[in-house]
Amino acid sequence: MALEKLGKALNSALKKLARSKTVDEATIKEVVRDIQRALIQADVNVRLVLQLTKTIEKRALEEEPPAGASKKEHIIQIVYEELTKFLGKEAKPLEIKEKPTVLLTVGIQGSGKTTSVAKLARHLQKRGYKVGVVCSDTWRPGAYYQLKQLLEPYGIEVSGDPEEKDAVKLAYEGVEYFRGKDVDVIIVDSAGRHKEESGLIEEMKQISQAIKPHEVILVIDGTIGQQAYNQALAFKEATPIGSIIVTKLDGSAKGGGALSAVAATGAPIKFIGVGERIDDLEAFDPKRFVSRLLGMGDIEGLLEKLEELQKQQAVSEEDLEKFLKGKFNLKDMYAQLEAMQKMGPLKQVLQMIPGLGYSLPDDAVRVGEEKLRRYRIIMDSMTEEELEHPEIINYSRIKRIARGSGTSTAEVRELLNQYNQMKKMFKSMDKRKLAKMAKRFNF
Ligand code: GDP
């Protein structure tokens, strides 16, 4: 897969979000930081990364999720939309309008130009076009044999002459040859002897004058990362009919940098190269690309599962058992506080039962999101034993927990007070009535 490493890093940032208990400002900032790190490691330009992540953060903090969507889903959607825009937004497919359509490919030596010409010829043939390929690479006579070897098994003819030294003449004669052959598309592979942009653009101009292509395609090596920006920009400025193939996106650690750098110039990326085989070329569609990169199928499934779980777990039978027996530890309290923050069913049910007479003290079961987050931080510094048996938490433990979690002893005490208050409340309930009610409501 293209950009596998980047995809994994982005996917794990979103999975972390999906798994987090609450979505507050700190969670959003953490996700944004993970995305930043992933993109910078893929060699995406730092300024572009900051712009992108600032937009994601702003939208995630300010926008309300649409009806029916959770905050988490909404944030994933925002990340998806912004990354898609970042890579050019809409697909710009290669159009074959006239017969024959003449395409000229240019690229720096070693960029993958010859391979891409063969891949493109095969791609078009699979879509029903008759294709002819012209090799005007006078610099590397091997290119002609390389093309023939790749394309002849598919019945695609290659024109060229490894002895000829004049690239413009080769290109012109090749195009004329195929004009008489009733082909739909003629792809011209240029000389490709250049190591930098200026020579490349000069060659493109000379050959263009001779063969008047409908489109010039620049092949850029994806492994050069954000350096692709200068090449793409110089090319875009030199021709109004240019589009781009970014190659070697399989396994390249810098491919994300190359793709985003090219997109930033506004030059259309039409294909990406994703392997050495002739079929390893994909038409580039930012939407499809990003959703595959993020593993959206995966994320969506995960979200659904989580929601189901939340629904089921708001009050489980096991929880109720614990309450009824007066066994109730800090972990249970946290789960309950969280459930009740979302107006969990226990509170509603208790209040709906006429005659039960329990009107829950609001501040015993409701805490704000921010407080819940602080509780989580404090609890992360407790030992398993302390979570299971909070009664063992003495003053020296309180001091250690406060230090470990970067909070204060007052905050740790507040958490313990909340716990004791809730525990007392559950203990004081009429167990018989509660059990009956539980049956009636099918917990
Ligand atoms: P040219 O000098 O630009 O014509 O480059 P070539 O087409 O000969 O390709 C240079 C090398 O890059 C060859 O070894 C190709 O197999 C390899 N290559 C081209 N495209 C891709 C790609 O998308 N993925 C991978 N992994 N290798 C590629």
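Residues numbered from 1 in each chain as written. Predicted model: local features only at pLDDT ≥ 70, side-chain atom pairs only at ≥ 80, totals over all residues. Heavy atoms only, no water.

Peer 1: Whenever I open this one, empty space enclosed by the protein confuses me. Can you help?
Peer 2: Here the idea is plain: a probe the size of a water molecule rolls over the atoms and shows the empty space left. The final tally for this structure, using the stated rule, is five cavities of 30 Å³ or more. Of the pockets and cavities examined, the largest cavity occupies roughly 60 Å³. Together, Leu3, Leu6, Leu39, Val44, Leu83, Phe86, Leu87, Gly256 and Leu293 line the largest cavity. The class makeup of the residues in the lining of the largest cavity is eight nonpolar, one polar and no charged. (1 Å grid on protein atoms, 1.4 Å probe; cavity = no way out; pocket = protein on both sides within 12 Å on 5 of 7 lines; lining within 4 Å. Points joined across faces, edges and corners; volume = space filled by probe spheres on them. Nonpolar A, V, L, I, M, F, W, Y, C, P; charged D, E, K, R; others polar.)

Peer 1: Quick question: what am I supposed to make of the site of the ligand here?
Peer 2: By nearness alone, 17 residues border the ligand, and Gly110, Lys113, Thr114, Thr115 and Asp250 come closest of all. Lys119 is positioned with one of its side-chain polar atoms (N or O) 3.2 Å from an oxygen atom of the ligand. No other element matches helix H5 (residues 113-126), which puts four residues into the shell around the ligand. Among the residues making up the shell around the ligand, the classes are represented as two nonpolar, nine polar and six charged. (Near = heavy atom within 4 Å. Polar contact = N/O pair within 3.5 Å; in protein donor to acceptor, adjacent residues only side chain to side chain. Helix = DSSP H or I, 4+ residues; strand = E, 2+ residues; numbered from the N terminus.)

Peer 1: What's the story with the side chain of Thr105 in this structure? I'm lost.
Peer 2: Examined against the element boundaries, Thr105 turns out to sit in strand S1 (residues 101-107). According to the relative accessible area criterion, Thr105 is buried, its value standing at 1%. Each residue touching Thr105, except ones within four places of it in the same chain, is listed here: Lys113, Val117, Ile187, Val188, Asp189, Ser190 and Ile217. (Buried < 20%, exposed > 50% of the residue type's maximum accessible area, 1.4 Å probe, protein only. Contact = heavy atoms within 4.5 Å.)

Peer 1: What should I look at first to understand the confidence of the model for the protein in this one?
Peer 2: Low pLDDT means the predicted atomic positions in that stretch should not be read closely. On average, residues of the protein score 83 in pLDDT, and 80% of them reach the 70 mark or higher. Low pLDDT (under 50) marks residues 343-365, which in the prediction has 54 contacts with non-local residues, meaning those over four places away or in another chain. Here the predicted complex scores 0.69 on pTM and 0.99 on ipTM. (pLDDT = per-residue confidence, 0-100.)

Peer 1: Can you walk me through the pattern of salt bridges in this structure?
Peer 2: For the structure shown, the criterion picks out 31 salt bridges. Here Lys85 and Glu82 are joined by a salt bridge, their closest N and O atoms 3.2 Å apart. Taken together, the residues Lys85 and Glu82, both in helix H4 (residues 71-86) and three residues apart, mark about one turn of the helix. A salt bridge links Glu164 to Lys169; the shortest N-O distance between them is 3.2 Å. Several salt bridges share partner residues, and in doing so they unite Arg59, Glu63, Glu81, Glu82 and Lys85 into one network. (Salt bridge = Lys/Arg side-chain N within 4 Å of Asp/Glu carboxyl O.)

Peer 1: What am I meant to see in the packing of aromatic side chains here?
Peer 2: Each pair of aromatic rings is reported with the distance of its centres and the angle of its planes. Enumeration according to the criterion identifies three aromatic pairs in this entry. Note on Tyr144 and Tyr145: the rings are 5.4 Å apart at their centroids and 65° apart in plane angle, and the pair reads as edge-to-face. (Phe/Tyr/Trp six-rings, centres within 6.5 Å; stacked < 30°, edge-to-face > 60°.)

Peer 1: Help me out: how do you make sense of the environment of Gly155 in this one?
Peer 2: Mapped onto the elements of the fold, Gly155 is located in the loop between helix H6 (142-151) and strand S3 (157-159). A relative accessible area of 64% places Gly155 in the exposed class. Spatially, the C-alpha atoms of Gly155 and Arg122 are 9.8 Å apart, while their sequence positions differ by 33 residues.

Peer 1: Any chance you could explain the layout of surface pockets here in plain terms?
Peer 2: Of the voids in this model, the second largest pocket is the one considered here, and its volume is about 280 Å³. Around the second largest pocket, the lining is made up of 16 residues, and of these Ser20, Thr27, Glu30, Arg373 and Arg376 lie nearest the centre. Those elements giving two or more residues to the lining of the second largest pocket turn out to be helix H1 (4-19), helix H2 (25-41) and helix H17 (369-380). Take the lining of the second largest pocket: its biggest share by element is five residues, from H17. Tallied by class, residues from the lining of the second largest pocket come to six nonpolar, three polar and seven charged.

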